[in-house]
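Examining the three-dimensional arrangement
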Amino acid sequence: MTDQSIAGAGGTLATAAEGDRSRRARIVILLLCVGLAAAVLLSLMSGASDASAISALRDGLFGAMPGDEALSARDRLIVYDIRLPRVILGVLIGASLAVSGAVMQGLFRNPLADPGLIGVSAGSSLGAVAVIVLGTTVLAPLSSALGALALPLAAFCGGLVTTLLLYQIATGQGRTSVATMLLAGIALAALAMALTGILIFMADDRQLRDLTFWQLGSLAGATWQKIGSVGPVIVLALAAMPFLARGLNALALGEATAGHLGIPVQRLKYTAIVGVSAAVGASVAVSGGIGFVGIVVPHLLRLLIGPDNRYLLPASALLGASLLLMADAVARTIVAPAELPIGIVTAIAGAPFFLWILLRKRGVIDL
Amino acid sequence: MIEGRDVSVAIGGRRIVANVDFAARPGKIAAIVGPNGSGKTTLLKALSGDFAYSGEVTINGRDLSTMKPVEAAALRAVLPQATTLSFPFTVREIVRLGLVGGRSGVLPGEDRRLPERALARVDLDGFAGRFCQELSGGEQQRVQLARVLCQVWAPVLDGKPRYLFLDEPVSSLDIKHQLIIMNIARDFARRGGGVIAILHDLNLTAMYADRIFVMHRGRLAANGSPQEVLSDDLIEKVFDCRLKVGVLPAGNTPFVLPQSAA
């Protein structure tokens, strides 16, 4: 017995880090930080005009060089008022979509849960469209009272109602039925889209143009004002998510077991649902429906660093932001000088990826 | 002490457990036995706070229904009958989850080594890096037990006894590992903790339990020491089959031999 335990102690010494992926996760997060910084710089430097981000940044930091004031004034305008807001918005939305996906997957205990896939985005869209179309008539008091916040707030409420409904329908006795979740998501999305359709039917020409532009999903038209209205919501929601990480890890063992481990499960679930709805709602409000970021990013990262949410959530934020910036770069340049809606780019890349996940999981997960 | 007074549980209008009085003392193993569907797991789930119950359940004198999850988690750990994992965690990552409440009872610096020590105790040395989903059923059961052990590593903390709730802890284990796991339970009790275990093997129960609670159709049919409880008549009535209870020459431990179905 003593011999055995001594041998056991020696064995554990030699393999102390076995099965512990936290070091690898930290390295990956570090690399993702570098990657995001590169993506930000690249996005600032590239665009339809030849404005130089380098000189504009240098001017901003050290003051204008004598002799090139005229040029740098134009460059500054392009870089600071057109490209920079767009980059910031891209970072915020990419991070919010990816983290929302990861949190939802933890909450539903399923790697296929994604706000876009299960109707949360559709619910948010309904809220947003309601404000755009009815903002001047039925909802006029609301939109005049809330100003720029009316749109993100309505999108948030739409997403929240959908998520709550979905959770109630799909979860019973501590178990979430995946089939029910996906099918209920389809039904709720269809309902939300039908209601959205009614609103579109009621819309006038000017509203229709707003709607089309918005619905395709795009980061174009990013302004500091938009960032001001949805930025705080997204930042707040993202800041709350890391506190859920340990609880979501425990939830992987089931609700009852998470409770036995000391996790306040009900509070965790509602915090996660409200956080996801806020983040998705705010994102949808400014950029329309951008799909697949929430499912692709966490899935890739789980393959790389494992499902520990303490690392998965920050890594998802970083990779989601980087990927969305890159998708936006593609969207801006591939049909230049015109611009492709970014939702198309993420769908073209993301849908095959989703099918690939399904093929890999066939027989492993039980729908 | 874990005490249940007049505990009843109804699910969907049906009474699954009716008017059960229960007590698990520190230093002892309390076994719950009974045929399938007799309410064993439901009783355990009421005692661990998973199911709404009527009556009263106390842990060390405190009313369970007024305790927060984190407070209850500091006093007892629960091994469920089965655990389904939703993501590809490694064995080490699963066992570590037992430390989430931070009340294992070892010094903060030793926390990091605890998963390995717990795995060694359940005879899973060297499994830390494996993926849970690739393990056999019996191995997975032991991984979960290692996690549970981490949660209440010290059987007594701050002078208060702590408890292990084990729902069929040896159901998918070979005979050697059944004994290893039951020895862990006994060791936990000897060091001042309390154990509540649902068991099916009456001989294992006779060997290890200090007190046996026999469930029959949602009610408590008997409770007492193995010598008091294990009798031909009671077993035949409760399990609805013919058995012969004997006593080993050495010591006083009863054993049960099946004869035939009723």
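If you're wondering where the values come from, they're calculated on a predicted model, not measured in any experiment. (Residues numbered from 1 in each chain as written. Chains lettered and ligands numbered in written order. Predicted model: local features only at pLDDT ≥ 70, side-chain atom pairs only at ≥ 80, totals over all residues.)

1. Concerning the overall build of chain A
What chain A contains, in helices and strands, is 16 helices and two strands. For chain A, the proportion of its 367 residues judged to be buried stands at 50%. For chain A, restricting intrachain contacts to residue pairs at least 6 apart in sequence, the fraction spanning at least 24 positions comes to 80%. (Helix = DSSP H or I, 4+ residues; strand = E, 2+ residues; numbered from the N terminus. Buried ≥ 20, exposed ≤ 12 C-beta atoms within 10 Å, placed from the backbone. Contact = placed C-beta atoms within 7 Å.)

2. Let's talk about the confidence of the model for chain B
Chain-level statistics for chain B give a pLDDT mean of 92 and a share of 99% at 70 or above. Overall fold confidence (pTM) sits at 0.86, and the ipTM for the predicted complex is 0.91. (pLDDT = per-residue confidence, 0-100.)

3. Notes on helix α15 (residues 309-333) of chain A
Here α15(A) is 25 residues long and its end C-alpha atoms lie 35 Å apart, about the 36 Å a rise of 1.5 Å per residue gives. With 20 of 25 residues buried, α15(A) lies mostly within the body of the structure. (Expected span 1.5 Å × (residues − 1).)

4. Some details on the interface of chain B and chain A
Accessible area lost when the parts come together is the quantity often used to give the size of an interface. Contacts between the two partners involve 30 residues from chain B, matched on the other side by 29 residues from chain A. Listed by contribution, the elements that provide at least two residues to the side of chain B that touches chain A are α2 (69-73), β6 (76-79), α3 (91-96) and α4 (114-121) of chain B. Within the side of chain B that touches chain A, the residues separate by chemical class into 15 nonpolar, nine polar and six charged. (Nonpolar A, V, L, I, M, F, W, Y, C, P; charged D, E, K, R; others polar.)

5. Looking at the sheet that holds strand β3 (residues 29-33) of chain B
Residues and elements named next belong to chain B. Across the sheet, six strands lie side by side as β6-β9-β10-β3-β11-β12; this open sheet has mixed pairing. Strands at the two margins of the open sheet, each flanked by one partner only, are β6 and β12 (219-224). Between one strand axis and the next, the sheet turns by 15° as a mean value, whatever way the strands run. Two elements, strand β11 (residues 211-216) and β12, share five bridges in a ladder whose sense is antiparallel. Across the sheet, Val214 pairs through a bridge with Ala222, a residue of β12. Of the strands in this sheet, β6 and β9 (163-167) touch helix α5 (residues 137-151), which is tilted by about 175° from β6. (Pairing = 2+ DSSP bridges. Axes fitted to C-alpha atoms, helices over the stretch in contact; angles between N-to-C directions.)

6. Quick notes on the sheet that holds strand β1 (residues 2-11) of chain B
Residue and element names in this part refer to chain B. Spatially, four strands are ordered β2-β1-β4-β5 in an open sheet, and the strand pairing comes out antiparallel. One side of each edge strand has no neighbouring strand; the edge strands of this open sheet are β2 (14-24) and β5 (62-63). Two strands pair when backbone bridges link them, and β1 and β2 are joined in this way by seven bridges, in the antiparallel orientation. From the neighbouring strand, Gly4 faces β2, where its bridge partner is Phe22. Where helix α1 (residues 40-47) meets the sheet, its contacts fall on β1, β2 and β4 (54-59), and the angle it forms with β2 comes to roughly 65°.

7. Concerning the environment of Phe255(B)
All names here are of chain B. Here Phe255 lies in strand β14 (residues 254-261). For Phe255, a count of 15 C-beta atoms within 10 Å corresponds to the partly exposed category. Separated by 10 residues in the primary sequence, Phe255 and Val245 place their C-alpha atoms 5.6 Å from one another. When residues no more than four places from it in sequence are discounted, the contact partners of Phe255 are Asn203, Ala206, Gly246 and Leu248.

8. Observations regarding the environment of Gly94(A)
Looking at where Gly94(A) falls in the secondary structure, it is placed in helix α4 (residues 69-108). The spacing of Gly94(A) and Leu134(A) is 40 residues in sequence and 29 Å in space, taken between C-alpha atoms.

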